[in-house]
Amino acid sequence: MKNLFFYFLFVTQLLNGQQYSVQEDKIYNAIDVFVSKPDAESLHQLEITEKGLNPISKKEILAYVILKCNKAYYQNQFGFANQAIVSYEKAWQLFQTHKLSNYDIVDSCLQPLGNLYTSIGDYVNAENIIKSYYFNATIEKNSQQKYAAVLNLSTVFQTSGRLKEAIDLLQKTMQTEVLTSTQKGTILNNLGNAYFLSTKGLTMEREAYSKAEKLFLASVNLLKADPSQSKELSNVYRNLAVIYSESNRFDLANTFMEKAIKEFFLIPNGTPREQAKLYYENAKLCFQQNDIVNAEVSLKAIFSILVSNYSSTKNLLPYKNTLYAETTLLDALDLQAEIYMSISQPQKALVAYQLSFHIESLLQSLMVYENSKIITQLRNRNRTEKCLDIYYSLYQKEKNIKYIESAFLLAEATKSSLLKEHLNHSKTISKQEKRIYSQLQHWNTIILKEQQKLDLANVALINKAIQKQNELMLILKTIPFKNETNSTQVLTIPKLFSKLEKDNVIMVEYFFGVERIYVFTLEQHKIKVDFIKVDGTTTQKTVQFIDLFSDANSIVNNPSQFNQYANSTYKLLKLPSKKTLKKLIIVPDGLLTFLPFEALITEKNNTTNFAKMHYLLYDFKVGYSNSALFYLELKPFQHIKESVLGVFPIFENSPLELAYSKKELESIKRNFDGLYLEKNKATFKNFKYNAPNFSILHLSTHANSGDVYSPASILFYDKEIVYSELYDLNIKPDLIVLSACETGIGKLYKAEGAMSIARGFQFAGAQNLLFSLWKVNDYTTSLFIDDFYKNCKKSHSYFEANHQAKLDYLLDETIPNSKKSPYYWSAMVYYGTLESKPTAPILLYFVVFSITCLGLYLMYKKTFKASKLVKK
C-alpha cells in the first residue's frame, strides 16, 4: 500500500544510522502498530497514545506530522471526513510552521486535504491548496503532481459552477503535457463531465450531449487497458449512466450503472463515502424510472454506510443528532424528500428537508471564505423553494395560516444570511480573529487585483498571497469556536407585526425562485402569500423595465413605452394598491434587487409629462430592507451631534472630473457642519481615519459595479477600493450617502444579493444607506442631494427626506421635462430606519438621565454591600 511509506521513513533513517529520541521512537512505533492493523479499535488506541505525546525537536515534530497524515488517511477511509480534515490541517500547519522537509507533504497531505475540502463544498480552500502545489510542481517540473493538481482543480471548477475554466484547463493540459494513456483517459472523463454540465439549458443540447458521450466512451477505451484503474473506470461508467438517464435512454443507463457498481467493488481501498455516492446515483436513476422501492433500498444503504447506529426498521430517515457535515448525506435526504412528494407525503418531505437544512448549516460552520458559503447558500435556496411549494400547497388545501407563517420564516432565513452571520459574529469576535480576517482580506484583495491584469498578472505574487491565506486559515481554525446562539436575534412574526403597526407600514417580501417568485405581504397583523410563475414572459418584463435605466435616452425618447413597461411590471409584482397606510417597505430578491420600485406606474395614461405619470412614489413612501429581521433589529442612532464627513475627490482637469460635485459639496456645507475632504485630501486613508467620528458619511465620487471577473469598487483620490476592503472599517454612522454610479450594483447571488459597494459598508456596520442603482447623472444628482439634505435639516427622517426630495425634484418647475425622467430621480434608493432622529436636546437629556440612573444604581449597590458587612 502506498500509504505505508509514512512509517517506512523511520526504517530508512535507522538504516542510515540516524539517532532517535525516546519521543520520536514512541511516535514511529505508534504509527507502525496502527498501520499494521488499521481499524476503529486501533484508531481509538492511536488517539489515546497521541494524547501522551509532546514532540519538541524538528525530528519529533516531523514524526508527529507523519502520524497525523496516517491518521487522516484512515479516518477518511472509515468515513470520518471531517475528522480527517482536522488531522490533515494540523499536519500541514506543523509542517509549515516548523519549516520541515524530507517528506512529501503534497502527496501525503495537501492532495487528500484539497479533495476533502471539495467534497464538503469548501471550494475556496480547495482551490487555494491545489493552486499552491500546482504552482510549485510547475516550477519543480514535477509532472505527476502537476497532473494531479489539474484533475483536482478541474473538479473544483466543475462543482463550483466554473465550467468554462474547467474545460480550458483540461484542454490546455491535453495539448501541452506529455501524458500516459491512463492519464489521458482520466482527463477525458473530467472533460466529458464538464461538457455535460455545461450543456444543461442550452439549445444545442443533443449535439453537446453527443460530445460528452464521445469523450466518456473514449475514456473507457483508454482506461480498460489498465487493471489498476477500476476506481476511475467506475466513475466513467457512472457518468455514462447519468448522461443516458438525462436523455431517457434508461436501458443504457442501467447497464452502465451495473458496470459502475461491479467495477467499484474491484477497488482495494474504496472509501465508504465513495460507495455511498455511487448508491446515491443508483437511487436517483431508479427514481427517474419511478422505481420507488429500489430507490429507497439504495437510500437505506447510504444511511447504513454513513450514519452510526442507523436502523431502517425504526425510521427510514436518520435521527438529527446522528447527522454530520457530509454532502452525500445531504443529497440522499433531498432525494428522499422528492420521493415522499412523488407518493403524496408532503409532511414527511418537509421533515427530510429540515434534516438537509441541518446538514447544510453544519457544512457552513466549517467554512472560512465567503465565496464557499455563497455557493452552499445557492443549494439551500433551491431546497427552500421546494419547501415553499409544499407549504403553499398545504395552505391551499387546509387554509391553516401556520403554513404561510412557516413559509415566510423559511424564505426570510435565506435573506442576506452571510451578512447576518457576519454582523452577529462581529459582536463576539476576538482581537486575534479580527486581525486574521483583516489579513485574509488583504491577501484576497491582492489576488483579485492581480487577476484583473490577466496575462500581465504576477503569478508569483498570487501564489504568495494564496500561501499566506492558507497559513492564516489554519491559524483561524485553531481558535476555539464560540457559541453565538445567545447573541442571535430570532425573527418572530408577532414582534414583526408589532413594529409594522408602530411604524404604520406595509411590508412586501419577495423570494425569487427558479420556477416561482413568492410574494409575502404583511399588514395590519395579517400575512398573505401569492406567487408569480417564472417563465420567459416574467423574466422578460422584469429585464425590459430594468434595461430602460441603462442609459438616459431610453425613457426620454419613448415615454409611452416606459409607461407600458412600468405598468405591466407593477401588475406583475403584485404590490398593494393605494391605501391609508402610506409607508411601504420592500424586501427585494434576485433581479428585483436592481429594480426602482418607486418608478413603477400604478395606472397607465397617455401623458408625456413625466411629473404627471402615476408613479408608486405618489401612493407610498417607499423604503427597502435586506430582510425583515434587519428591519426589526434596526438600532437607535449612534451620534448626538449631526455632522458630515464628505469625500469629494472631484478629479479636476482629468477625464474623470465631476464638475457638479463642487455644487453638491457647497449645498451640504450650507446645511451641516463637518469635515469635507476635497481633491487630494479625499484619500482612503483620510476617510478611514476620520469616518468613526461623524454621523453622516457622504461620498461623491466614481464607482463601478464590476463584472464576472472584477468586483465592485469605489474610487478615492489616491486609490480604487473593492467592496470587500470596506468590511473592516471601524464605523457606526447614522447614515451613509453614496453619491456615485452603481453603488448598489454588483455581482448578484440570489442567496445573498448584490456584491456591491453598499453591501461593503453594510458589512462594516452601516444600517442606513442611500445609494444608486445605475450610472447617475452628475448634475441631476447634485439637485436631488441638495433637496435631500434640506429635508434632513428640517428634522425629516432619512426615509422621509428621500421620499420628499424626489417629490420636490418632480415639482421643481426650473427642471425641464426631459430631466424629470425617472432615470434622473429614481436611481437613489434608501435602506434603513424609518424613524426620525431625535433632536440634540432630547438625546442629551436621554444620555444625562441614563448616566444619572447608572450612578444611583452603583451608589445603592455600594451602600447595600456596606450594610451587609456591618451586619456581619
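Rules used in this analysis
Residues numbered from 1 in each chain as written. Predicted model: local features only at pLDDT ≥ 70, side-chain atom pairs only at ≥ 80, totals over all residues. Heavy atoms only, no water. Helix = DSSP H or I, 4+ residues; strand = E, 2+ residues; numbered from the N terminus. Rg over C-alpha atoms; globule rule 2.2 N^0.38 Å. Buried < 20%, exposed > 50% of the residue type's maximum accessible area, 1.4 Å probe, protein only. Contact = heavy atoms within 4.5 Å. Areas by Shrake-Rupley, 256 points an atom, 1.4 Å probe, with all protein chains shown as cover. Lys, Arg positive; Asp, Glu negative; His and termini not counted. Charge placed at Lys NZ, Arg CZ, Asp CG, Glu CD. 1 Å grid on protein atoms, 1.4 Å probe; cavity = no way out; pocket = protein on both sides within 12 Å on 5 of 7 lines; lining within 4 Å. Points joined across faces, edges and corners; volume = space filled by probe spheres on them. Salt bridge = Lys/Arg side-chain N within 4 Å of Asp/Glu carboxyl O. Arc of directions from axis to C-beta. Pairing = 2+ DSSP bridges. Right-handed = clockwise from strand over helix to strand, strands pointing away. Phe/Tyr/Trp six-rings, centres within 6.5 Å; stacked < 30°, edge-to-face > 60°. Lys NZ or Arg CZ within 6 Å of the ring centre and 35° of its normal. Axes fitted to C-alpha atoms, helices over the stretch in contact; angles between N-to-C directions. Parallel < 35°, antiparallel > 145°, perpendicular 65-115°, else oblique. Left-handed = near helix turned anticlockwise from the far one by under 90°. Expected span 1.5 Å × (residues − 1). Polar contact = N/O pair within 3.5 Å; in protein donor to acceptor, adjacent residues only side chain to side chain. pLDDT = per-residue confidence, 0-100. Nonpolar A, V, L, I, M, F, W, Y, C, P; charged D, E, K, R; others polar.

A word on the overall build of the chain. Of the regular secondary structure elements, the chain holds 35 helices and 18 strands. A compact globule built from 872 residues should have a C-alpha radius of gyration of about 29 Å, and the chain, at 31 Å, falls within 12% of that. With the C-alpha coordinates aligned to their principal axes, the bounding extent of the chain is approximately 90 × 80 × 70 Å. A buried classification covers 54% of the 872 residues belonging to the chain. Counting contacts in the chain only where the partners sit at least 6 residues apart, residues at least 24 apart contribute 71% of the total. Roughly 40,000 Å² of accessible area belongs to the chain as shown, and the carbon and sulfur atoms make up 54% of that amount. Taken together, the 100 basic and 84 acidic charged side chains of the chain have centroids lying 5 Å from each other.

Another aspect to go through is empty space enclosed by the protein. In total, this model carries six cavities of 30 Å³ or more according to the counting rule given. Here the largest cavity defines a volume of roughly 270 Å³. Lining the largest cavity are 23 residues, with Thr-593, Asn-626, Gly-753, Ala-754 and Tyr-831 sitting closest to its centre. Secondary-structure elements contributing two or more residues to the lining of the largest cavity are β16 (753-755), α31 (757-763) and β18 (828-831). Put simply, the second largest cavity is a space of about 60 Å³. Along its surface, the second largest cavity is lined by Ala-241, Val-242, Ser-245, Glu-246, Met-257, Glu-281, Lys-284, Leu-285 and Gln-288. Secondary structure elements with two or more residues in the lining of the second largest cavity: α12 (230-246) and α14 (272-288).

Moving on to the pattern of salt bridges. A complete count under the given rule lists 39 salt bridges for this structure. Of the charged contacts in the structure, one is a salt bridge between Glu-360 and Arg-379, with a shortest N-O distance of 2.6 Å. Taken together, the positions of Glu-360 in helix α17 (residues 346-365) and Arg-379 in helix α18 (residues 370-398) put the pair 19 residues apart, joining distant regions of the chain. Arg-379 sits in the partly exposed class, given a relative accessible area of 24%. Here Glu-800 and Lys-621 are joined by a salt bridge, their closest N and O atoms 2.8 Å apart. Taken together, the positions of Glu-800 in helix α33 (residues 798-811) and Lys-621 in strand β7 (residues 621-624) put the pair 179 residues apart, joining distant regions of the chain. Ionic contacts of the salt-bridge type, sharing partners, join the residues Glu-47, Glu-50, Lys-68 and Lys-71 into one network.

Count 3.6 residues to each turn of an α-helix, and residues three or four apart come out pointing the same way. Considered for burial, the residues of helix α23 (residues 493-503) that qualify are Ile-493, Leu-496, Phe-497, Lys-499, Leu-500 and Asp-503. The buried residues of α23 occupy an angular sector of 165 degrees when the element is viewed end-on, so they sit on one face. For α23, exposure combined with an orientation more than 90 degrees from the buried face picks out Pro-494, Glu-501 and Lys-502. Summarising the contacts, the buried residues of α23 are in contact with α19 (401-413), β1 (505-512), β2 (516-523), β3 (526-533), β4 (583-587) and α28 (628-633).

Turning next to the sheet that holds strand β12 (residues 713-715). Pairing within the open sheet is antiparallel, and its three strands lie in the order β11-β12-β13. At either end of the open sheet lies a strand with only one pairing partner, and these are β11 (703-704) and β13 (720-722).

Where burial is concerned, most of β4 is hidden: four out of the five residues are buried. As paired strands, β4 and β7 are joined by four bridges and run parallel to one another. By the bridge assignment for β7, Leu-584 is matched with Val-622.

All right, on to the pairing of strand β9 (residues 674-678) then. Every other side chain in a regular strand lies on the same face of the sheet, so the side chains alternate between the two faces. The sheet contact formed by strand β8 (residues 644-648) and β9 spans five bridges and is parallel. Paired with Val-644 across the bridge in β9 is Gly-674. Handedness of the crossover is the feature at issue here: the chain leaves β8, passes through helix α29 (residues 661-671), returns alongside β9, and the resulting connection is right-handed.

Take the environment of Thr-384 next. When you line up the elements, Thr-384 lands in helix α18. On the basis of relative accessibility, which here comes to 1%, the residue Thr-384 falls in the buried class. Apart from residues no more than four positions distant in its own chain, Thr-384 is found in contact with Phe-357, Leu-410, Ala-411, Thr-414 and Phe-511.

Attention now moves to the packing of aromatic side chains. Following the criterion strictly, the structure yields 38 aromatic pairs and no others. The ring of Phe-511 has Arg-381 sitting right over it, with the charged end atom 4.1 Å from the ring centre. The positively charged end of Arg-383 is found above the aromatic ring belonging to Phe-357, 5.3 Å away from the centroid.

The interhelical angle for the contact between helix α4 (residues 58-77) and helix α5 (residues 81-97), taken along N-to-C directions, is 160 degrees, at an axis separation of 8 Å. In terms of orientation, α4 and α5 fall into the roughly antiparallel class. For the crossing formed where α4 meets α5, the hand is left-handed. Residues Ile-61, Leu-62, Tyr-64, Val-65, Lys-68, Cys-69, Lys-71, Ala-72, Tyr-73, Gln-75 and Asn-76 of α4 pack against Ala-81, Gln-83, Ala-84, Ser-87, Tyr-88, Lys-90, Ala-91, Leu-94 and Phe-95 of α5.

So, about helix α13 (residues 250-264). Taking 1.5 Å per residue, 15 residues should reach 21 Å; α13 reaches 21 Å between its end C-alpha atoms and fits that length. Inspection of α13 places Phe-250, Ala-253, Phe-256, Met-257, Ala-260, Glu-263 and Phe-264 among the buried residues, and these make up the whole buried set. Along the axis of α13, the buried positions cluster into a sector of 150 degrees, meaning they face one direction only. Those residues of α13 that are exposed and angled more than 90 degrees off the buried face are Asp-251, Glu-258 and Lys-262.

A separate point is the side chain of Thr-701. Within the secondary structure, Thr-701 is located in the loop between β10 (696-700) and β11. Here the side chain of Thr-701 touches Leu-715 through a polar contact of 2.5 Å, landing on its backbone oxygen.

When pLDDT is averaged across the chain, the result is 89; 92% of the residues are at 70 or more. The secondary-structure element of the chain with the lowest mean pLDDT is helix α1 (residues 5-15), recorded at 48, while β2 shows the highest, at 97. Across residues 12-17, where pLDDT falls below 50, the model places five contacts with residues more than four positions away in sequence or in other chains.

With that settled, the discussion passes to the packing of helix α6 (residues 105-120) against helix α7 (residues 123-140). Closest axis-to-axis distance for the α6/α7 pair is 7 Å, and the angle between their directions is 150 degrees. In terms of orientation, α6 lies roughly antiparallel with respect to α7. Regarding α6 and α7, the two cross each other, and that crossing is left-handed. For the pair α6 and α7, the contacting residues are Val-106, Leu-110, Gln-111, Leu-113, Gly-114, Tyr-117 and Thr-118 in the first and Tyr-123, Asn-125, Ala-126, Ile-129 and Tyr-133 in the second. Class assignment of the residues belonging to the contact of α6 with α7 gives a composition of eight nonpolar, four polar and no charged.

Excluding glycine, a negative phi dihedral is what most residues carry, and trans is how most peptide bonds are arranged. Positive phi outside glycine occurs at Lys-399, with the angle close to 55 degrees. In this structure, Lys-399 sits in the loop between α18 and α19. Overall, the relative accessible area of 52% leaves Lys-399 in the exposed class.

Moving on: the side chain of Lys-146. Along the chain, Lys-146 turns up in helix α8 (residues 143-159). Residue class for Lys-146 comes out buried when judged on its relative accessible area of 17%. If sequence neighbours within four positions are ignored, Lys-146 has contacts with Tyr-134, Ala-137, Thr-138 and Glu-177.

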